Amino acid sequence: MFAESSDFKSVLFREMENGQRVRARGGEWEIRSRSGEIVRYSWSEMVQEFHLGYLEQVTHAKTGMAVTLKYMQHALDWVMQRIPDDRATRRLHLYVQYSKAGGPWEEVWLSSTPREPSKQ
Amino acid sequence: MKEIRAIVLRWVDSIGPLSGLGICRSVLGLMVVRDAWGYLQKYADRGFYLNQFNLPYADWYPAPTEALYFSILIGLIVCGMLMAIGALTKPAVYTAFVLHSYHLGLNEMWYRHNRYFLALGLLLLSLAPCDRAFSLASSRVSVAVGSLWSSTLLKIQLSLIYLASALSKTLDPDWSSGRVLFGRGVMKDWNSLAPEWLVTLLPRTQLVELITISALFQEFFLAIFLWVPLMRRVALWVGILFHGYIELRYSVITFSYLVLGVYFLFVRPTLRDRIIYLPRAGTLCRFLRQAIPSLDWLNKVELRESSGARIVVTDFDGRSYRGLFGLIILGTALPLTFFFTFPLSLVRHLTDCFDVATPKGREEIAPQPWMSRSNALALLVAVIGIYLALVWSITFEHFPYSNRHHFHFFDIPLFAVILTLVNQLQLGPKRK
C-alpha cells in the first residue's frame, strides 16, 4: 500500500543576468534567438514524469516528497542544459511548497546549476 | 549444520502439482501486457521518452532508439500473451524477463515496487517448470508435477513484501497515526459506503485510526497466515478483499493481480479432493457437467454419476452436503467463485444440519469440454484479438485519461475469460 500521502505545489522562476528572478507563468516563456526567431519553452512539455510537469497547482506526490524533490532537482538541471538559445536565463529555480501526510506546509527553493560563462 | 543442509536439500528436491504455477504464469503474462500497455500509452501521448526529462540509472546503460523502444513494448505484449495462453512458454518467459528488466533500468523514475516484483516473478518463472501446466501444450501430460523450489521463493518474496510494508508503516508516525490513509481519501469512501447512523456515531479521528490499524493488521496477517494450513483459505479470502479494494479504488497497475497470481501457489497441493455426485437427468446437472471442468482451473473436482435425485458434494475433509449448500462448498474449490462462496461455506462449522451421507460406489464421469478444442481455440484467439484491438485503439486514440483509466476494469472479465478458455483447452487427455 501507499508509502506516503503528500501534496506539493511548485512555481518555476528564471534567474536573469542581473540576478532578478522572473516567474515563468504556467512554466512557459518565450525568448528571441540569435537568428531573431521567437522560441517558446514549456516546462510541462519537457518534464512529464512523476507529476513533475504540473506547476502552480496542488499535486499529489508520487511515492513521497523526498524522491519528488530529488527528481525536481535533476529536472531543473536537465531543462537548463536543453535551453541553449535562452541566453537571458542564468539559471532556473523551483519554489516548492509541500505538505507531508496532511501536516503543515513547508517550502524549499531548488536551483539548477548556473549556465557556464563560456556558453553565454 | 547437517540438519539445515538436509532441510535445504529437501526444499530444493520438493515436487508437487504445477497447476498453481501454471495459473500464476498466465497471470504474470497478462500483467506483462498490462505494464507494457501503460508505457505504450505514454509513448502515444508524449512521444519517445528520451525527448523528455528522464533519469537513467547509469551513463553506461545503453539507451534504445525510438524504433527499438517501440519494438520492445510490442515484444512485451506478444510475450505476455504467449505466457498467458502457454504457447512457446519458456522462450516467452525468458524474453519477457530480459525485455522487462531492460525497460525497468531505462529510467529511474519508472521504478515501482510492482514492476520490480514483476521482474522478480519473471526471473523465478524462467527457472521453474512453468510450461507444464495450464498451457496449450500441457494437454498431453496426465498430471503435471515438477519442482516447487522456485514457487516457494515466490511465496517467500510475497510474504517479505507484506512484512516489509507492514513494519515500515507501523514505524512511520504519519502512517500509524492514520494521516496517510486520511490523505488518500478513505474517509470519503467511508462516508459514501457506511450507513449514516454509523458515520455520525464514530468520530472521524478514531475511525481513520481504526481503518489504519485494520490495514496494518491485514498485512501482518497475510504475511503469516498464508503459510498456516488451518488459516490459509481465510487468509486468501482476506487478501482478495484487501487487494480487490485497493485495485478498484486506486488501480495500482499490476500489483494486485501479481499478488492474486502468487496466491495460486499457496493453494493446497492436492488434486481432485472434492467429489460432486450429479444425477443423470436435469438441466442444471447437464450444465454443471460442462461448466465445472471449465472453471476447475486447479483440477480439484471429480465428477461422479449419482442414481439419486439430488446433487451431493463431498469436501476435502470427507463431509458431504447436498443441494444448494453442496454447490456452495463446490464453489470454494473454483477460483472464480471462491471469494463469494467461502464466507457462506463457514456456516457448516456452526451446524451439521447440512451434512448428508456420502454416496458409495458411483462411476466417475469423464469431464466434458464445454466446446470442441478447435472452437475453444478459435474463441481464445478471438478474445485475445478483441482485447489487443481494444488496447491498441484506446492507446492511440486520444481519449481523456479518466476514460482510459476506467478501461482497466474491462481487464478483469476479459482475463477471467482468457484463463477459463486456456483451462478449457487442456481438458480431455490431461485428466484421463
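Small disclaimer: the values here were computed from a predicted structure and weren't measured.

**Observations concerning the overall build of chain B**
Of the regular secondary structure elements, chain B holds 19 helices and seven strands. For 432 residues, the compact-globule estimate of 2.2 N^0.38 gives 22 Å, and chain B sits close to it at 23 Å. Oriented by its inertia axes, the alpha-carbon framework of chain B measures out at about 70 × 60 × 60 Å. Counting across all 432 residues of chain B, residues that qualify as buried make up 51%. Carbon and sulfur atoms make up 68% of the accessible area of chain B, which totals about 20000 Å². Where the 40 positive side-chain charges of chain B centre and where its 27 negative ones centre are 7 Å apart.

**Looking at the overall build of chain A**
Assigned secondary structure in chain A consists of two helices and seven strands. Along chain A, from the amino end to the carboxyl end, the secondary structure elements read β-β-β-β-α-β-α-β-β. The dimensions of chain A, computed from C-alpha atoms along their principal axes, are 50 × 25 × 20 Å. Considering chain A as a whole, with its 120 residues, one finds that 48% of them fall into the buried category. Accessible area for chain A stands at about 6100 Å²; split by element, carbon and sulfur atoms hold 46% of it. Taken as two groups, the 17 positive and 16 negative side-chain charges of chain A have centres that lie 3 Å from each other.

**With respect to unusual backbone geometry**
All names here are of chain A. A positive phi is found at His51, a non-glycine position, where the angle reads about 65°. Secondary-structure assignment places His51 in the loop between helix H1 (43–46) and strand S5 (59–60). Judged by relative accessible area, His51 falls into the partly exposed class, the value being 22%. For Thr63, which is not glycine, the phi torsion reads 60° and is therefore positive. Counting through the fold element by element, Thr63 comes out in the loop between S5 and helix H2 (65–81).

**A short note on the interface of chain B and chain A**
Between chain B and chain A, the residue contacts involve 28 residues of the former and 21 residues of the latter. When chain B packs against chain A, the two sides together hide about 2200 Å² of surface, and 60% of this comes from carbon and sulfur. When the area that chain B buries against chain A is broken down by residue, the three leading residues are B:Phe53, B:Met109 and B:Arg184, summing to 30%. Applying the counting rule to chain B against chain A returns three salt bridges. In this structure, A:Glu49 and B:Arg46 form a salt bridge, with 3.3 Å as the shortest nitrogen-oxygen distance. Taken together, the links from chain B to chain A amount to seven residue pairs in polar contact (both at pLDDT 80 or more). Elements represented by at least two residues in the side of chain B that touches chain A include exactly helix H2 (19–46), helix H6 (149–171), helix H7 (173–176), helix H8 (179–183), helix H11 (204–225) and helix H12 (232–250) of chain B. At four residues, H8(B) tops the list of elements feeding residues into the side of chain B that touches chain A. Tallied by class, residues from the side of chain B that touches chain A come to twelve nonpolar, six polar and ten charged.

**Section: the pattern of salt bridges**
If charged atoms from side chains of opposite charge come close, those side chains can pair. Residues and elements named next belong to chain B. Tallying each qualifying case throughout the model produces 18 salt bridges over all chains. Here Arg280 makes a salt bridge to Glu305, at a shortest N to O gap of 2.8 Å. With a gap of 25 residues between them, Arg280 in the loop between strand S3 (274–279) and helix H14 (283–295) and Glu305 in strand S4 (residues 301–306) connect regions that are remote in the sequence. By relative accessible area, which is 24% here, Glu305 ends up partly exposed. Three or more residues joined by partner-sharing salt bridges are found here, namely Arg268, Asp273, Arg274, Asp315, Asp317 and Arg348.

**Section: the environment of B:Gly239**
Residue and element names in this part refer to chain B. Here Gly239 shows up in helix H12. Relative accessible area serves as the criterion here: at 0%, Gly239 is assigned to the buried category. Through-space distance from the C-alpha of Gly239 to that of Phe221 is 9.3 Å; in sequence the pair is 18 residues apart. Those residues in contact with Gly239 that lie beyond four places of it in its chain are Leu222, Gly244 and Tyr263.

**A word on the sheet that holds strand S6 (residues 320–322) of chain B**
All names here are of chain B. Taking strand neighbours across the sheet as the criterion, the five strands line up as S4-S3-S5-S6-S7 in an open arrangement whose pairing is mixed. Every other strand in the sheet has two partners, leaving S4 and strand S7 (355–356) as the edge strands with one partner each. Bridge count between strand S5 (residues 312–314) and S6: three bridges; the pairing is antiparallel. Along S6, the bridge assignment pairs Val313 with Tyr321. Against the sheet, H14 makes contact with S3 and S4, and its axis sits at roughly 150° relative to S3, the strand it touches most.

About the criteria used
Residues numbered from 1 in each chain as written. Chains lettered and ligands numbered in written order. Predicted model: local features only at pLDDT ≥ 70, side-chain atom pairs only at ≥ 80, totals over all residues. Heavy atoms only, no water. Helix = DSSP H or I, 4+ residues; strand = E, 2+ residues; numbered from the N terminus. Rg over C-alpha atoms; globule rule 2.2 N^0.38 Å. Buried < 20%, exposed > 50% of the residue type's maximum accessible area, 1.4 Å probe, protein only. Areas by Shrake-Rupley, 256 points an atom, 1.4 Å probe, with all protein chains shown as cover. Lys, Arg positive; Asp, Glu negative; His and termini not counted. Charge placed at Lys NZ, Arg CZ, Asp CG, Glu CD. Contact = heavy atoms within 4.5 Å. Buried area = accessible area lost by both parts, 1.4 Å probe. Salt bridge = Lys/Arg side-chain N within 4 Å of Asp/Glu carboxyl O. Polar contact = N/O pair within 3.5 Å; in protein donor to acceptor, adjacent residues only side chain to side chain. Nonpolar A, V, L, I, M, F, W, Y, C, P; charged D, E, K, R; others polar. Pairing = 2+ DSSP bridges. Axes fitted to C-alpha atoms, helices over the stretch in contact; angles between N-to-C directions.

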